[in-house]
Structures are given as structure tokens and as C-alpha cells.
Amino acid sequence: MNIQGIFLQRLKRAHLLTRLFTTTKEEKIEIPMRIHRGPTDILRALESTIKQDPTAAHYKYHDDPYLIPNNNIMKRSYAMAQEAGRKAAHWVRNENPELFNHRECDPPIELFFPKLVYTEESEVTEQDLLNVIDKNQVSDAILIYTIFNSKGIEISNEARQSLLEFLCYNNSKDVLEEVFIEERWFKQSSSVKERQRKTWKDGNVAEEVFKSIENPNAEAYSAIIQGMAKFNQSSRAYQLFEEAQQKGLNLDVNAYNSIIKVSNFLKEGYDMRWAFVVNMLQNIKQAGLKPNLETLNSVLCVLSTMGNSKMVKHYIVRTLQEFKALGIEPSLGSWYYVLIAICKERGPKSSVLANVLMEVANKSHEIRDISDTNFFVTAMDVANNHLNNVILGQKVHELLMFKNNYDLIGDSYKESIYYRHYFNLLLANVPLDHFIEKTYNQFVPNVYVPEPTVMKEVIKQIDLNGAVDYIPQIWSDMVIFGHNLRADLINLILKVIVDNKPDNSETTEKFSKIGWDIYTTIEGQDEQKFNNMKFSGEMLGGILLVLLRNNEFTKACLVMDKLINNNQNIIGVPSFDSLSLFVDHCIENKTLSKAIECIQFASDTGFPNVLALGAKLNEKCTLDEMHLNKLSKVVDLKIN
């Protein structure tokens, strides 16, 4: 067969195979529906592939070991310095607006351009008022409203209502701009007393706007009532509420919610307070309004102020059931109110936290109410102080670390309190090695800097477990955190390294360095400061011991000189063991004068065993006549 025949035969075989494996059914191509993507969806998808590294510093700090802050003061200073630079840039932009009119981005980013500056001579329109309201510029809104009044310019009812709501929400005061996130993060949370104090500015512009409305409608009343209630002008808010009721106005549900929330200021007794809340809920129903999450949280907030009786627990359960029937799911803030209502500091222990965690576990939560940021710190507080239950504490922490739930930690203050409770709970309930390796080394110092009280508990647990090998690491952290000038911590760590004599030379050397570091730190303080830390006799005795155990005789002599020359200014006395060890090293180093000075100090201090020190010196050393005379005076003085 020639080549052409072979080619034709193979071609037929390939055609046959194609017919066998080819289906006659037509394939239909289905184009999936378009999924809308936001401008940051790709970035979020990439972010989800990377796990957070708690051992790394926050991205806002420079990635340089010399520029990464290691204590709370430095963290705040570094972040606020960066914020100050951002504020300076804003100031330059606002002071020189003519330099920033170029538009290099399309569409233009309005935040990059200078703010419009309004004066009393500015020609303004209603649209200008709406623009500054939209940009959250309170001062400019008040100025434009003042211009309208001075020029007799009328504005629409819609614009006036928007201005009223805006001023009521902000209490007619400028608020921190959203771009200054660091100042928001490090701003201290207000105390309970501060939150309960009336901060509403009586006679402010919001009230002027409300009075300028000839016949205020339900929307106007609702706005002014919510503003006054928010800033604890409760009596005036309720007065306006009753006034609106008498006029037959249908207030919105949020006005009712705000009155419910301040009912503890309006009614004193628990029974009267609850009857008032029930009456308000009935009024909501009669008005044909549908309660919302804020209604639920307002009721729970009131219940949290009504003690820890069985009736309060019954009301809480009943309230949750009623709102669940309405299809209203509690937020983390709702559970926060449940926890503080039931888990009182001096009340009986309750398992409500376990039930709450069953409801919220393995879920990604978003901020739905301002109180949501209080949940995690309160839940960890309950797990630690109320229950001392490490299993529940770990579940709370797992929930916090689940997806984006860390966004609900609140601010730097709440974060610090949360980890304080978490560390104290673990210290009391898990093996020390596990705590140091899995928790302490993971979160300290980039996420959490332990407070002195927490460091004290860490040192106590090290002492209790005999794990003195961790002491050098803890002392290094104390120096970094600025805890190395706290008398309670220094005395505690000195006690640990004195009472736990190391078995190896390496640890002995490290303890000696700690002792000398303590001495030089206190000695090197600025004398001009009135709150300087002072040496105590016990402290210097401990330093003396750890130095001599490492044969640091020269440094020990400096400490002994400090004891002798400043005896009048030092409170307390060193231990007799430290003085005896110093005499032994004086004998070994043949510094007889130093030994006699030490014996003289022991005699002046009143130790009963001075004779034994003198006898030991006389026995082990050949004393000349001068040294014998000095020693005999000291010993004779003691004998007589």
C-alpha cells in the first residue's frame, strides 16, 4: 500500500471515531446573572486570604524596629503625631485654598479640595445649608442659618426640619471629623457618671430653630425630643412629649424610644419605672407604630438599672420573647444590657453568659446600635470576675476573633480593659507555660500592653509555679512598658529573684543584671521631680544579694556605700543575710575596711548577730592593730 492509501485509511478511521464520540444533542450556553461588585470587593477578597498576625505591629506604625512603639504612651503619641500631621495638612489646605484647585482625579474626590469658607457677608442659598448639613459641618450650618435670619431669607419647611434634626443630633456642637480616626480610637470612653450627666445646651440653636416653627409638626417634636433625651435633658424632653400628645400629633417610634430610655430619670421607684415603660409600649401600639431594635434596647437599658430581682429577670425574658415574636433580632448591645442586668457584681452567679454565647456564636456581627461596642468587654468581665470560667472566656475571645467582629471592640480603652480581664482569667486557670507561650507572647506588646496590676499577677504566678526563667523576659517588658519605676512591682520582682536562688550561672547572671538595672534606674532619676521613687532598706538588701551571688563585688560595694552614707534617708533595713554575704565577699576580696563598715552598719541598725559577724572576720582574716581596734569597738559596743 502506498503512502496515499495509508493516509486515506487513517483519515476514515479518525472520521469514524469522531462520529462515535460526538453527541447530537445541542449544548446550550447559559450566561450567569451579573453580580454587582463594589469598588473595594477585590481588595476585600484579597484581604480574606491573609490571616491577621497579632505578633506584628499595627499597620499605622512604621515597619521599623526602632520606630515601633512598645507601650501605651508611645502608641498613643506615635498615632496622634501622625494625626497631627494630617491635621496640619488640613490646616494648610484651608489656609491656602487657591493652591488646591487643580482637579487631577476623575470623578473628583471632594475631600481633597478646600472647604468653602462662609462669613456673615456671604451670599448663601438653601442648597448651601443642605450641603453643609450633608458634610456634618455644624458651625457652618449655624452661621448660614444666622445669615438667613439677619437678611430675612425664608427657607422651606423641609430644610428647616433637616437643620433641626442635624442640630439635635449633635447638640449644636461641632464633632470630630471622621477622617481623624486615631483621635476617635484613643479618646477615653466617658464614665457612667459622665454619660448620665445633662450635657444638653439649654437655649441652643436647636431650640431656636424649633421655636421658629410656627406650628411644629410631629417630625419637629420628634427631633427635639430625641435630641434632649440623648443629652439627658430628660424632664424637658418628656414635657415636650406630653405637649405633642395633647396636640394629637403622631410622633415616630424613635421619640417613644428616647423617652423610654430616660425613664430612670423620670421615675424613681422600680415599680413606677416599669409601669411607665409598659405604658409607653402600649402607646406605641395604639399609635399604630412598629417597635424596632432601638425600642428593644431602650427597654433592656431600663431593666438593667432595676436591680437583680426575679421579677427583673422575668421582665427581661418576656421582653425578648415579645420582640422575637415581632421579628426583631437582638443585637450585641441587647445582650450587653442583659448581662449587666443579671450578672451584678454582688449578686448570685448566673449562667446567662453561656446562653447568650449560644445565640451569638459563629456569627459575623455588625454595629447595629451604639451599645454594641460594650458587649465584648462586658462579656469578658462577666467570664472573669462574675464566673471565673475560662471556657466561657475562651468562647468570648473566639467570637471576637471571628471574621470582622473585632470591629466591635470599641476603642483603645475598651480594648485594654477587655485584655486585662482576659489575661487575669487565664492566669488563674491555665498552666503558666501555656499562658506565656500562647497568650502573652502573642498579644504583648503589639496588641495589648499589660497594666501594672496585670504584671503583678504575672510575677506572682511565676513565683507560685517556680518558673523563674521567665523573670528576665518579664523585667525586659517592664522596662519597655515604663513599669520599672513602680515600687510595688520592683519590690515584688526583687523578692522573687532573692527567694528563688538559681541553680545555674546563666540565670544568676541575668538576676544580677536585673538587680543592677533597678539600682541604676532609681539612682539616675531626675532630682527635680517631686515624685521620685526612693530606695528602701529591703530593696537595697535584695539588690546586694543578687549582685553578690554573681560575684559582682565592686557593684555591691556601691550599694553598700549607698546604705551607709544615706542611712537617714532610707526607710527600712536590709536583711541580715545580705549583710553577712557582703562580709563573706569582703573576706574573700581582702577588703577588711569594707567588712568593718558593714559590721558597724549592722550594729547601728540593731541586728543582734553582729558579734557573729565580727568573730567570723577575726577568725578568717589576719587583722592588723588598726582593724582590731575598729572591730573591737564595734563588737564591744554590741556586747555591752
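Residues numbered from 1 in each chain as written. Predicted model: local features only at pLDDT ≥ 70, side-chain atom pairs only at ≥ 80, totals over all residues. Heavy atoms only, no water.

(A) Local environment of the overall build of the protein. On a plain count of helices and strands, the protein comes out with 32 helices and zero strands. Computed over C-alpha atoms, the radius of gyration of the protein comes to 37 Å, more than 25% over the 26 Å expected from 2.2 N^0.38 for 640 residues, which places it beyond the range of a compact globule. The dimensions of the protein, computed from C-alpha atoms along their principal axes, are 110 × 110 × 65 Å. Among the 640 residues that make up the protein, the fraction classed as buried is 43%. When contacts within the protein are restricted to residue pairs at least 6 apart in sequence, long-range pairs at least 24 apart make up 71% of them. When the accessible surface of the protein is summed, it comes to about 37700 Å², and 52% of that surface belongs to carbon and sulfur atoms. Taken together, the 71 basic and 81 acidic charged side chains of the protein have centroids lying 6 Å from each other. (Helix = DSSP H or I, 4+ residues; strand = E, 2+ residues; numbered from the N terminus. Rg over C-alpha atoms; globule rule 2.2 N^0.38 Å. Buried < 20%, exposed > 50% of the residue type's maximum accessible area, 1.4 Å probe, protein only. Contact = heavy atoms within 4.5 Å. Areas by Shrake-Rupley, 256 points an atom, 1.4 Å probe, with all protein chains shown as cover. Lys, Arg positive; Asp, Glu negative; His and termini not counted. Charge placed at Lys NZ, Arg CZ, Asp CG, Glu CD.)

(B) A look at the environment of Lys 510. Along the polypeptide, Lys 510 turns up in helix H26 (residues 505-523). For Lys 510 and Pro 39, which are 471 residues apart along the polypeptide, the C-alpha to C-alpha distance reads 55 Å.

(C) Representation of the side chain of Ser 172 within the structure. Relative to the helices and strands, Ser 172 resides in the loop between helix H6 (157-170) and helix H7 (181-186). In this structure Ser 172 touches Val 138, Ile 142, Leu 167, Lys 201, Asn 204, Val 205 and Ala 206, once residues within four positions along its chain are discounted.

(D) Up close: the pattern of salt bridges. Enumeration over the complete set of coordinates arrives at 15 salt bridges. Measuring nitrogen to oxygen at the nearest pair gives 3.5 Å for the salt bridge that ties Lys 151 to Glu 123. Of this pair, Lys 151 sits in helix H5 (residues 138-151) while Glu 123 sits in the loop between helix H3 (72-95) and helix H4 (126-134), and the two are 28 residues apart along the sequence. Here Lys 151 falls in the partly exposed class, since its relative accessible area comes to 37%. You can call Glu 123 exposed: its relative accessible area is 70%. For Lys 456, the salt bridge goes to Asp 488, with nearest N and O atoms at 3.2 Å. (Salt bridge = Lys/Arg side-chain N within 4 Å of Asp/Glu carboxyl O.)

(E) Here's a closer look at the packing of helix H12 (residues 253-261) against helix H15 (residues 293-303). Two elements in contact, H12 and H15, have axes whose closest approach is 8 Å; the angle formed by their N-to-C orientations is 10°. With respect to H15, the axis of H12 lies roughly parallel. Where H12 approaches H15, its residues Val 253, Asn 254, Asn 257, Ile 260 and Lys 261 are matched on the opposing element by Glu 294, Thr 295, Ser 298, Val 299, Cys 301 and Val 302. For the contact of H12 with H15, the per-class residue count stands at five nonpolar, four polar and two charged. (Axes fitted to C-alpha atoms, helices over the stretch in contact; angles between N-to-C directions. Parallel < 35°, antiparallel > 145°, perpendicular 65-115°, else oblique. Nonpolar A, V, L, I, M, F, W, Y, C, P; charged D, E, K, R; others polar.)

Don't take any of this as a statement about function, it's just geometry.
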